[in-house]
Amino acid sequence: MHPFENNAPWWIRPQLWGLDIMLVALAWGLAYSKMLWIIGLPGEPLFLLCVCVWGFVLIMRMLKVIIYKSDPHACWRPEFYQARFIPLAYLIIAALLAALWLGLYQVGIGLLTFCSIPALCTALALMVPYLWKNRILQTALIALSFAGACSAPAWYYSITAPIANIILFPPTLCFAALVMLHLLSRHAWLQQGQEQNRIVGLLPVFLLALLLACLILANIMPPYERCFYYTIAIGAACLQVLDRYRHRMTADQLFAIGWLSLALPALSAFLFQN
């Protein structure tokens, strides 16, 4: 038995397998459908969204294990991915092929058109070597890709939606900012006790600025966007609380509840928005 199996708490296993990111993608996909008044959004595009996001996240984690293998603070639990590298690679390939088949033959090629911009951001984040040295720029592309992907199913089923809305829609930009700050927070959690850069130190300021900006936008933008801005503000507040108490928690505890702090506000918006 690999040593990891003996020291990994059971409650971090779902996060290590990437199941938490699937929950977040599903929650925000549903929140977008509720905001755009999409009634009866089919399950196939949401399943496609979850599979693609899950595959991308695991690919990024496995690449980090390879690229930053000399830096023990660059990856969370790298031994998990090192011990399962080959099986995970086969699983990811199978899942992405299944997602491609689903997109082409079940959902429709039109959805793939809406996913072209998030896919381009994803490809740049994965393939451009410079971005692996520029954490801020790479994180911004990943956040924009994730936010765009979460909105794609709802935009695809809306009546009139230009493709540019995938990333230029103001709530999507705010959501991308929230995801980016969350990803930078995860880096700060890994670096606890280490020297951290100025950007990480300013995270509470950026989170507060995002929260206030969303509260202002909620009062001046169209009514149907209001709940979405409030949802993003609640997510920023949750990350503020985590950042405030991160020195009292272990990295495992922070990673276990980090993505949930983004999923729960979105699920609440989907369930309780009028």
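Residues numbered from 1 in each chain as written. Predicted model: local features only at pLDDT ≥ 70, side-chain atom pairs only at ≥ 80, totals over all residues. Heavy atoms only, no water.

Undergrad: Please give an account of helix H15 (residues 223–244) that cites residues and values.
TA: Spacing of three or four residues puts side chains on the same side of an α-helix, whose turn is 3.6 residues. For H15, with 22 residues, the first-to-last C-alpha span of 32 Å sits near the 32 Å given by 1.5 Å per residue. Of the positions making up H15, those classed as buried are Glu225, Phe228, Tyr229, Thr231, Ile232, Ala233, Gly235, Ala236, Leu239, Leu242 and Asp243. (Helix = DSSP H or I, 4+ residues; strand = E, 2+ residues; numbered from the N terminus. Expected span 1.5 Å × (residues − 1). Buried < 20%, exposed > 50% of the residue type's maximum accessible area, 1.4 Å probe, protein only.)

Undergrad: Quick rundown of the packing of aromatic side chains? Include the residues and the values.
TA: Each aromatic ring pair is described using two quantities: the centre-to-centre distance and the angle formed by the ring planes. Inspection of every chain in the model, using the stated rule, returns 8 aromatic pairs. Seen from their ring centres, tyrosine 32 and phenylalanine 175 are 6.5 Å apart, and the 65° between their planes marks the pair as edge-to-face. Here tyrosine 32, found in helix H3 (residues 19–35), pairs with phenylalanine 175, found in helix H12 (residues 170–190); they are 143 residues apart in sequence, far enough to count as distant. Between phenylalanine 146 and phenylalanine 175, the aromatic rings sit 6.0 Å apart at their centres with planes inclined by 50°, giving tilted as the arrangement. Here phenylalanine 175 lies in helix H12 and phenylalanine 146 lies in helix H10 (residues 135–156), a separation of 29 residues in the sequence. For phenylalanine 146, a relative accessible area of 8% corresponds to the buried category. Following the ring pairs from residue to residue traces out a cluster consisting of Trp28, Tyr32, Phe146, Phe175 and Phe228. Here the basic side chain of arginine 244 rests over the ring of tyrosine 245, its NZ or CZ set 5.8 Å away from the ring centre. (Phe/Tyr/Trp six-rings, centres within 6.5 Å; stacked < 30°, edge-to-face > 60°. Lys NZ or Arg CZ within 6 Å of the ring centre and 35° of its normal.)

Undergrad: How would you summarise the confidence of the model for the protein chain if you had to cite specific residues and measurements?
TA: Scored by pLDDT, the protein chain has a mean of 80; 82% of the residues are at 70 or more. Predicted confidence in the protein chain is weakest over helix H1 (residues 4–7), with a mean pLDDT of 50, and strongest over helix H14 (residues 203–220), with 91. Overall, residues 1–6 carries pLDDT values under 50, and its contacts beyond four positions in sequence, including any with other chains, amount to 11 contacts. (pLDDT = per-residue confidence, 0-100. Contact = heavy atoms within 4.5 Å.)

Undergrad: I'd like a description of the packing of helix H8 (residues 116–127) against H10, backed by residues and values.
TA: For any two helices packed against each other, the geometry is given by the interaxial angle and the distance between the axes. Contact geometry of H8 with H10 gives a least axis separation of 8 Å together with a crossing angle of 155°. Here H8 lies roughly antiparallel to H10, going by the angle between them. Viewed along their axes, H8 and H10 form a crossing whose handedness is left-handed. Contacts from Pro118, Cys121, Thr122, Leu124 and Ala125 in H8 reach Gln138, Leu141, Ile142, Leu144, Ser145, Gly148 and Ala149 in H10. (Axes fitted to C-alpha atoms, helices over the stretch in contact; angles between N-to-C directions. Parallel < 35°, antiparallel > 145°, perpendicular 65-115°, else oblique. Left-handed = near helix turned anticlockwise from the far one by under 90°.)

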